[in-house]
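As a plain string of letters, each chain reads:
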Amino acid sequence: MLVGYSSSSGDESDAAGGESNASEDHNNKKSSSFEKKKGDENCCPLKKKLKIEEPFPTTRLPLPDCLFDMFPEDVEAQTEDNTLHNGRVRSFKHERGNWATYVYFPYTPEEEFGELMEALMSTAAAIGVVLIPQEEFHLSVSQTVVLRHHWIQPFIQSLKAAMVPCKRFVCSASRLKAYSNAEKTRTFLGVEVVTGHAQLLNVVHLVDRTLTDYHLDTFYQDPSFHVSLAWCVGDFTVQLQQSLHTLQNLIDNHEGEPFNLWLDCSEMRCRTGNKTFRFPLPS
């Protein structure tokens, strides 16, 4: 507390009176403060509730696929269970945004083809090679390559333009041959083309142009055009080659005459991932 002092030296009684008044004022305030505290103990004031803000939600929204395509190195490779694919192993690892792609001509089997397949697989099993029939039959005119998702539409348009000069043709296959993939993880029994080889080479030449534009692997230099009939896991090419003569007899003497597998190459197809694009060839 501030106490006012006179500018001149007053008499001692005034000074004493000032000190007495100051002391009295101080005692009165002290008593008033004590009574206030005592009253506060008997009357508890309401406490004001503090507003608690809720934290932001921790659930993350999924990123759109286009961002994964932009930054493929940030995507973790997926682990696959080979038992779900009869033991088959991918030739290249699966990554989000990568689409396995190949170009081919489909083959629709004749009625007697089913009986012939049963005879071939039974004979192969007798020499220790258990074959699994193909789910669908086709003749490839490209290797299996990897397309990025944003390449698909321009790739298909380029392929369509390249195939304009190609006309419809027919080819046949009747010669059995054993094949394996580059990694030697699968073996195939196929029937090789014997007529229409030149026309197929022309198709490959046209398809290779588009593959080259996208810096993808072109087809084999000296291709053996064939339709794969059945396959097995592992490298069993030697065992099949040793039994090809016996297996070929089943082809040559099917119902008293040679069996020819005829392909009407009127529509080329391109499969990329789970999409199939069709390219009709004019007559």
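Residues numbered from 1 in each chain as written. Predicted model: local features only at pLDDT ≥ 70, side-chain atom pairs only at ≥ 80, totals over all residues. Heavy atoms only, no water.

Focus on the pattern of salt bridges
Threshold: The salt bridge definition used is simple: a Lys or Arg side-chain nitrogen within 4 Å of an Asp or Glu carboxyl oxygen. A run of DSSP states H or I qualifies as a helix once it reaches four residues; a run of E qualifies as a strand once it reaches two. Both are numbered from the N-terminal end. Any residue under 20% of the maximum accessible area for its type is buried, any over 50% is exposed, and the rest in between are partly exposed; the area is computed with a 1.4 Å probe on protein chains only.
Counted under the stated rule, the structure contains 6 salt bridges. For the salt bridge of Asp264 with Arg168, the shortest nitrogen-to-oxygen distance reads 2.6 Å. One end of the pair, Asp264, is in strand 8 (residues 261-265); the other, Arg168, is in the loop between helix 4 (152-162) and strand 5 (169-180), and 96 residues separate them in sequence. For Arg168, a relative accessible area of 40% gives the class partly exposed. Measuring nitrogen to oxygen at the nearest pair gives 2.8 Å for the salt bridge that ties Arg269 to Glu267.

Some remarks on helix 3 (residues 113-126)
The condition that has to hold: To estimate how far a helix should reach, multiply one less than its number of residues by 1.5 Å. Comment: arc refers to directions from the helix axis out to C-beta atoms.
Under the 1.5 Å per step criterion, the end-to-end length of helix 3 is 20 Å for 14 residues, consistent within 8% with the ideal 20 Å. Residues Phe113, Leu116, Met117, Leu120 and Ala124 constitute the buried set of helix 3. With its buried residues spanning 100° around the axis, helix 3 presents them on a single face. When the buried face of helix 3 is taken as reference, the exposed residues oriented beyond 90 degrees from it are Glu115, Glu118, Ser122 and Ala126. Positive phi shows up at Gly128, right after helix 3, with a value of about 95°.

Notes on the pairing of strand 7 (residues 226-233)
To keep it simple, the criterion reads: Here, a strand pair is defined by DSSP locating no fewer than two bridges between the strands.
The element strand 7 is largely enclosed, with a buried count of 6 among its 8 residues. Note that strand 2 (residues 132-133) and strand 7 share 2 bridges and pair antiparallel. What sits directly across from Ile132, in strand 7, is Trp231. Pairing of strand 6 (residues 186-195) with strand 7, which is carried by 7 bridges, proceeds in the antiparallel orientation. Within the sheet, the bridge partner assigned to Thr187 lies in strand 7 and is Cys232.

Structural notes on the environment of Thr210
Worth spelling out the cut-off: Note on contacts: a residue pair is in contact if any heavy atoms of the two residues lie within 4.5 Å. Each polar contact in these results corresponds to two N or O atoms within 3.5 Å; when the atoms are within protein, one needs to be able to donate a hydrogen and the other to accept it, and residues that are neighboring in sequence are counted only if both atoms are side-chain atoms.
The topology assignment puts Thr210 in helix 5 (residues 197-213). Thr210 has contacts with Phe155, Ser158, Leu159 and Ala162, leaving out every residue within four places of it along the chain. A distance of 3.4 Å separates the side chain of Thr210 from the side chain of Ser158, its partner in a polar contact.

Comments concerning the nonpolar core
Rules: As used in this record, nonpolar core signifies buried Ala, Val, Leu, Ile, Met, Phe, Trp, Tyr and Cys residues forming a set joined through side-chain atoms within 4.5 Å.
One finds Leu261 and Met268 to be the most contacted residues of the largest nonpolar core, which totals 57 residues. Here this core gets 6 residues from one element, more than from any other, and that element is helix 5. Setting aside anything within four residues of it in sequence, one finds Met268 in contact with Val103, Tyr104, Phe105, Val141, Leu159, Met163, Val203, Val207, Phe277, Arg278 and Phe279.

As for the confidence of the model for the chain
Stated precisely, the cut-off is as follows: pLDDT expresses, on a scale from 0 to 100, how confident the predictor is about each individual residue.
Mean pLDDT over the chain: 80, with 67% of residues reaching 70 or higher. Scored below 50 in pLDDT, residues 1-24 makes 1 contact in the model with residues more than four places away or belonging to other chains. In this model, residues 28-44 is a region of pLDDT below 50 whose contacts with residues beyond four sequence positions or in other chains number 1 contact.

Some words on a negative patch on the surface
The following threshold applies: By definition, no residue in a patch forms a salt bridge, and every one has over 30% relative accessible area; like charges are joined within 9 Å, nonpolar side chains (Val, Leu, Ile, Met, Phe, Trp, Tyr) within 5 Å. Exposure was quantified through the Shrake-Rupley algorithm and a 1.4 Å probe, taking into account, for residues, occlusion by the shown protein chains and nothing else. Positive charges come from Lys and Arg, negative ones from Asp and Glu, while His and the chain ends are left out of the count. Note that the charge is assigned to NZ on lysines, CZ on arginines, CG on aspartates and CD on glutamates.
A cluster of like negative charges, contributed by Glu115, Glu118, Glu255 and Glu257, occupies part of the molecular surface. Residue placement: Glu115 occurs in helix 3.

Let's talk about unusual backbone geometry
With a phi angle near 60°, Lys184 is a residue other than glycine that sits in the positive phi range. Structurally, Lys184 is set in the loop between strand 5 and strand 6.

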